[in-house]
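# Topology and contacts: notes
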Amino acid sequence: EVVMFADTWSHPSPLKRAWCVWEIYGVSKADNKVIELALSPEEQDDFLKTLTHDFDTVLDAISEIDTEKAGCFNENDKEMIDNEVASTVGY
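In this text the structure is predicted, and so the values were computed from the model without any measurement. (Residues numbered from 1 in each chain as written. Predicted model: local features only at pLDDT ≥ 70, side-chain atom pairs only at ≥ 80, totals over all residues. Heavy atoms only, no water.)

### Quick look at the overall build of the chain
When you go through the chain residue by residue, the secondary structure sums to 4 helices and 2 strands. Along the chain direction, N to C, the helices and strands of the chain fall in the order β-α-β-α-α-α. For the chain, the proportion of its 91 residues judged to be buried stands at 24%. Taking contacts inside the chain between residues at least 6 apart in sequence as the whole, the part at least 24 apart equals 66%. Of the roughly 6400 Å² that the chain leaves accessible, carbon and sulfur atoms contribute 54%. For the chain, the distance from the average site of its 7 positive side-chain charges to the average site of its 20 negative ones is 3 Å. (Helix = DSSP H or I, 4+ residues; strand = E, 2+ residues; numbered from the N terminus. Buried < 20%, exposed > 50% of the residue type's maximum accessible area, 1.4 Å probe, protein only. Contact = heavy atoms within 4.5 Å. Areas by Shrake-Rupley, 256 points an atom, 1.4 Å probe, with all protein chains shown as cover. Lys, Arg positive; Asp, Glu negative; His and termini not counted. Charge placed at Lys NZ, Arg CZ, Asp CG, Glu CD.)

And the structure:
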C-alpha cells in the first residue's frame, strides 16, 4: 500500500514530479495495487463538495493530468522514466 500526500486534489504536485510518477508506476505493476491519496482536511472537504455538486470539475481535473510533463532535476533520470512508462503502460 502506498500513500500519496498531495497539496491539492485538483492539481497534486506529486504528479508533476517524474520520480513520484515512477513510484506510482511501480505500484501499478505490483499485485497489491492500493494507492491512497492523503489530503488536508480542507482539501478533503473541497473535493467532496466538488464531487457531489460539480462533478464536471472533477472530470476536468482528471483529464488535465499529463504525467509526461512531469519534471525531474536529472535529465537522464527523466529520460529513463519516460522511456519505461512509454514502452509499457504508455502516456
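### Some details on the pattern of salt bridges
A complete count under the given rule lists 2 salt bridges for this structure. In this structure, the salt-bridge partner of Lys 69 is Asp 66, at a minimum N-O distance of 3.8 Å. Under the relative-accessibility criterion, Lys 69 is labelled exposed at 69%. Between Lys 78 and Asp 82 there is a salt bridge; the shortest N-O distance is 3.0 Å. With Lys 78 and Asp 82 both in helix H4 (residues 75-88) and 4 residues apart, this pair spans about one turn of that helix. Considered together, Lys 78 and Asp 82 belong to a single accessibility category, that of buried residues. (Salt bridge = Lys/Arg side-chain N within 4 Å of Asp/Glu carboxyl O.)

### What about the packing of helix H1 (residues 18-29) against H4?
For the pair H1 and H4, the least separation of the axes is 10 Å and the interaxial angle reads 35°. Relative to H4, the crossing made by H1 is left-handed. Counted together, Ala 18, Trp 19, Trp 22, Tyr 25 and Lys 29 of H1 and Asp 77, Lys 78, Met 80, Ile 81, Glu 84, Val 85 and Thr 88 of H4 form the full contact between these two elements. Classifying every residue of the contact of H1 with H4 by side-chain character gives 7 nonpolar, 1 polar and 4 charged. (Axes fitted to C-alpha atoms, helices over the stretch in contact; angles between N-to-C directions. Left-handed = near helix turned anticlockwise from the far one by under 90°. Nonpolar A, V, L, I, M, F, W, Y, C, P; charged D, E, K, R; others polar.)

This is a description of form; function is not addressed.
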